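What follows is each chain in one-letter form.
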Amino acid sequence: MTRLVRTVGQAREILEPHRRAGASLGFVPTMGALHDGHLSLVRAAGQDNDVVVVSIFVNPLQFGPDEDFASYPRDLDADTAVLDRHGVDVVFSPASAGFAPTTVTVCVAGVTERLEGASRPGHFDGVATIVAKLLHTVGPDRAYFGEKDYQQLLVLRAMARDLAMPVEIVACPTVREPDGLAASSRNAGLSPDERAAAAALPAALRAVAGSWGGDAGYARDCLRRTLEAAPGVRLDYAEVCDPETLEPLEGVVGGPAQALIAAHVGATRLIDNIRLEP
Ligand code: AMP
């Protein structure tokens, strides 16, 4: 039976006996409105650990003033029921926005500068600050993050490494709908027409991965041309980057690359990415 806890104190109290007993602890931070992508992280955590903790917190710090914080989907009862069926031990859902720190910001330099960091100023400060507090509260051995949010994964890896946090950051592959669209809580906001239009995002990524010959500039231009011509899609960015630093790549490159895109479909902003390798 899943235990739902709403405060830092309760979370620590419930987890302490497990820790004392030497149980390994796997942690999956989420903003709720759970889908198959989240559940793949939960399954991975269950395979690797004795105890699984999932957090559900719509993090106010990671939304810009004109973004969808107010309308972000929330259904704690439904999410808790799903996690109960998946054998999750503890759901930590801080009861109020008061969980968000007011005097401390965790700011990761470098990898945060481009892409989502440029389009959403302050976004990664908000993510890193809350994830740091969640990790500090839960104290997991392993924390699970989706490659769907590829830049976020690199930001949190850098944070954990640089602050010597005693946690292993585990990356999990992107879970997709049958037509390739990455599962996302935001997909629920797409009308049927928008949902059809959104399939252009993974299609463009797949096309570029399929024709990858090592020319980063060519791949980026193909991606941009395809998405700029896609009906109902308003491209924010499309880049081909070094998979570790996210520096944009130019010309022919020897190793793998990562293609990353963000686009609006109607009022919904979607992101996706794919590895480019021979
Ligand atoms: P969110 O609730 O959107 O903050 O996501 C919580 C975690 O689930 C993050 O680590 C995301 O990267 C991960 N996630 C979201 N969508 C997917 C997906 N389609 N496949 C794999 N992981 C995902």
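Each remark here, short or long, concerns the structure printed above.
Worth saying up front: this structure is predicted, and the values here are computed from it rather than measured.

A. Spatial organisation of the side chain of Asp272. Secondary-structure assignment places Asp272 in strand 9 (residues 268-276). Leaving out residues up to four positions away in the same chain, Asp272 has contacts with Arg176, Ala182, Pro202, Leu205, Ala259, Leu260 and Ile261.

B. Expanded view of the site of the ligand. Near the ligand, the surroundings consist of 17 residues, among which Met31, His38, Asp149, Val175 and Ala183 are the closest. The backbone of Met31 places a nitrogen or oxygen atom 2.9 Å from an oxygen atom of the ligand. Here an oxygen atom of the ligand and a side-chain polar atom of His38 are 2.8 Å apart. Out of a free accessible area of 480 Å², the ligand has 92% covered by protein chains. Looking at the shell around the ligand, the elements with two or more residues in it are strand 2 (25-30), helix 2 (36-48) and strand 5 (142-146).

C. Here's a closer look at the packing of helix 5 (residues 123-138) against helix 6 (residues 150-162). Packing of helix 5 against helix 6 leaves a shortest axis separation of 10 Å and a crossing angle of 55 degrees. In terms of their interaxial angle, helix 5 and helix 6 are classed as oblique. Crossing angle aside, the handedness with which helix 5 passes helix 6 is right-handed. Contacts between helix 5 and helix 6 involve Phe124, Val127, Ala128, Val131, Ala132 and Leu135 on the former and, on the latter, Gln151, Gln152, Val155, Leu156 and Met159. Looking at the contact of helix 5 with helix 6 residue by residue, the classes come out as nine nonpolar, two polar and no charged.

D. The nonpolar core, seen in detail. Judged by nonpolar contacts, the single largest core of 46 residues is most densely connected at Val53, Leu135, Met159 and Leu246. Among the elements that take part in this core, helix 5 stands out by supplying nine residues, more than any other. Here Leu135 is in contact with Phe27, Pro140, Ala143, Met159, Met165 and Val167, once residues within four sequence places are set aside. Leu181, Ala219, Val233 and Ala238 belong to the second-largest nonpolar core, a separate cluster that totals 28 residues.

E. Molecular detail of unusual backbone geometry. One non-glycine residue with positive phi stands out, namely Ala33, at about 50 degrees. One can find Ala33 in the loop between strand 2 and helix 2. Exposure remark for Ala33: the relative accessible area of 18% places this residue in the buried category. Within the chain, Ala164 stands out as a residue other than glycine whose phi angle is a positive 50 degrees. In this structure, Ala164 sits in the loop between helix 6 and strand 6 (168-172).

The rules behind the values
- Residues numbered from 1 in each chain as written.
- Predicted model: local features only at pLDDT ≥ 70, side-chain atom pairs only at ≥ 80, totals over all residues.
- Heavy atoms only, no water.
- Helix = DSSP H or I, 4+ residues; strand = E, 2+ residues; numbered from the N terminus.
- Contact = heavy atoms within 4.5 Å.
- Near = heavy atom within 4 Å.
- Polar contact = N/O pair within 3.5 Å; in protein donor to acceptor, adjacent residues only side chain to side chain.
- Areas by Shrake-Rupley, 256 points an atom, 1.4 Å probe, with all protein chains shown as cover.
- Axes fitted to C-alpha atoms, helices over the stretch in contact; angles between N-to-C directions.
- Parallel < 35°, antiparallel > 145°, perpendicular 65-115°, else oblique.
- Left-handed = near helix turned anticlockwise from the far one by under 90°.
- Nonpolar A, V, L, I, M, F, W, Y, C, P; charged D, E, K, R; others polar.
- Core = buried A, V, L, I, M, F, W, Y, C linked by side-chain atoms within 4.5 Å.
- Buried < 20%, exposed > 50% of the residue type's maximum accessible area, 1.4 Å probe, protein only.

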